[in-house]
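Notes for the structure review
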Amino acid sequence: MTEAHQLIIVGGGPAGLTAGLYAARARLRTLLLEKALPGGQITDAEVVENFPGFPVGISGAELGSLMEQQARGQGLEIVLAQAERVEVAGGEKIVRTGDGQYVGSALIIASGSEHGKLGVPGEKEFTGRGVSYCATCDGAFFGDEVVAVAGGGNVALNDALFLTRFASKVIVIHRRDRLRATKILQERASAQPKIQFLWDTVVESITGDTQVRELRLRNVKSGKESTLGVSGVFVAVGLRPNTGYLQGLLALDPGGFVPVNGQMETELPGVFAAGDVRAGSARQAVSAAGDGAVAAIAAERYLSSV
């Protein structure tokens, strides 16, 4: 199908939904394309404690649902479809999906990011059989078992703390000798007796039978190798931007993120980027929402000038 809109938004996380809310309230004919569940990565979070307006916290799934309801209530159209390629022709922005193409006069890229991979033998084979990227999704399967978390940032420590509800021991494996997570999470994790840290260590491979049974580890300073018996490993080694469908359209930075200016404008007129997908993002739900608002306002300004 080919449908003409004033604005197309690719991605339905906090950035895309906020952009859609602002655009719909500005009475722009706006379409949001989301490949999975509106709300984005935040829907994986059991509790979001740092989004303004929720003093006792809110589940990520509920927050995403509320954002979606609010945007739809203002008239935003949402279609479940995955962007496969974007083209610009004669000022029109054409988003091609497996279900057809959509045409708009302006485009906001808010396709977010996905979980980074360890890239080691056994990771792919044991995904769903002990290798997980979502502690809140899979943690309950590991009652009274020993599990590992690979990573040292906020996601890793949040995952580790959540897993202590089920696992008998949670071993955090970090390639450095200090954590990157916020101080409050470090304090909570250090005070939790079920959490143990393995510093200067990386996972070299994952082995098992029908499920993960063992990790082969390497100390990055000494080179010494060792093994660790676990029933599962939760991978929390950062996020990778979902920008593969933009290849050939925009110049991306070395990490694959979209460079923008303060108005979320890319190098192409009428093309904006917001949220985790843009270079320099704080990768927080609240900052992504702010990006979405800025991008929508800038898109409205652009559309009024063409």
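The numbers attached to residues start from 1 for each chain and follow its sequence in the written order. For this predicted model, a pLDDT threshold of at least 70 governs which residues receive local features, and a threshold of 80 or more governs which side-chain atom pairs are given and counted, while totals over whole chains, interfaces and linings are taken from all residues. Computation of side-chain values: all heavy atoms of the structure, hydrogens and water removed.

To continue, consider the sheet that holds strand β9 (residues 146–150). If you walk across this open sheet you meet the 5 strands as β8-β15-β9-β10-β11, and the pairing is parallel. At either end of the open sheet lies a strand with only one pairing partner, and these are β8 (131–132) and β11 (195–198). In the sheet, β9 pairs with strand β10 (residues 169–173) via 5 bridges, with the strands oriented parallel. Note on β10: the bridge partner recorded for valine 149 is valine 172. Strands pair, by our definition, only if DSSP identifies at least two bridges between them. Under the DSSP-based scheme used, a helix requires at least four consecutive residues in state H or I and a strand at least two consecutive residues in state E, with every element numbered from the N terminus.

A word on the packing of helix α1 (residues 14–25) against helix α6 (residues 285–305). At their nearest, the axes of α1 and α6 sit 7 Å apart, and the two run at 35° to each other. Considering only the axes of α1 and α6, their crossing is right-handed. Contacts from Pro14, Ala15, Thr18, Ala19, Tyr22 and Ala23 of α1 reach α6 at Ala285, Ala288, Ala289, Gly292, Ala293, Ala296 and Ile297. For the contact of α1 with α6, the residue count by class is 11 nonpolar, 2 polar and no charged. Orientation is described by axes fitted as lines to C-alpha atoms, over the contacting stretch for helices, and by angles from 0 to 180 degrees between their N-to-C directions. Crossings are classed by handedness, with left-handed meaning an anticlockwise turn of the near helix from the far one by less than a right angle and right-handed meaning a clockwise turn. Contacts are residue-level and defined by heavy atoms, with any inter-residue pair within 4.5 Å sufficient. When residues are sorted by character, Ala, Val, Leu, Ile, Met, Phe, Trp, Tyr, Cys and Pro go into the nonpolar class, Asp, Glu, Lys and Arg into the charged class, and all the rest, Gly among them, into the polar class.

By secondary structure assignment, the location of serine 113 is in strand β7 (residues 113–115). Under this definition, polar contacts are N or O atom pairs within 3.5 Å; protein pairs additionally need one hydrogen-donor-capable and one acceptor-capable atom, and for neighbouring residues in sequence, both atoms have to be side-chain atoms. A distance of 3.5 Å separates a polar atom in the side chain of serine 113 from a polar atom in the side chain of aspartate 276. With residues near it in sequence (within four places) discarded, serine 113 still touches Gln41, Leu239, Arg240, Pro241, Asn242 and Asp276.

Let's shift gears to the packing of aromatic side chains. Between the rings of Phe, Tyr and Trp (Trp by its six-membered ring), a pair exists once the centres lie within 6.5 Å; its type follows the angle of the planes, with under 30 degrees stacked, over 60 edge-to-face, and the other angles tilted. Taken as a whole and judged by the stated rule, the model has 5 aromatic pairs. Aromatic pair phenylalanine 272 and tyrosine 302: ring centres 6.4 Å apart, planes at 75°, arrangement edge-to-face. Of the two residues, phenylalanine 272 is situated in strand β17 (residues 271–273) and tyrosine 302 in helix α6; the sequence distance between them amounts to 30 residues. Each member of the pair, phenylalanine 272 as well as tyrosine 302, carries the same accessibility label: buried. Type-normalised accessible area, obtained with a 1.4 Å probe on protein chains alone, sets the label of each residue: buried when under 20%, exposed when over 50%, and partly exposed for intermediate values.

This part covers the pairing of strand β4 (residues 83–89). Alignment of β4 against strand β5 (residues 92–97), held across 6 bridges, turns out to be antiparallel. Within β5, the residue paired with alanine 83 across the bridge is threonine 97. Hairpin connection, β4 to β5: the antiparallel pair is bridged by 2 residues, and glycine 90 has positive phi, about 60°.

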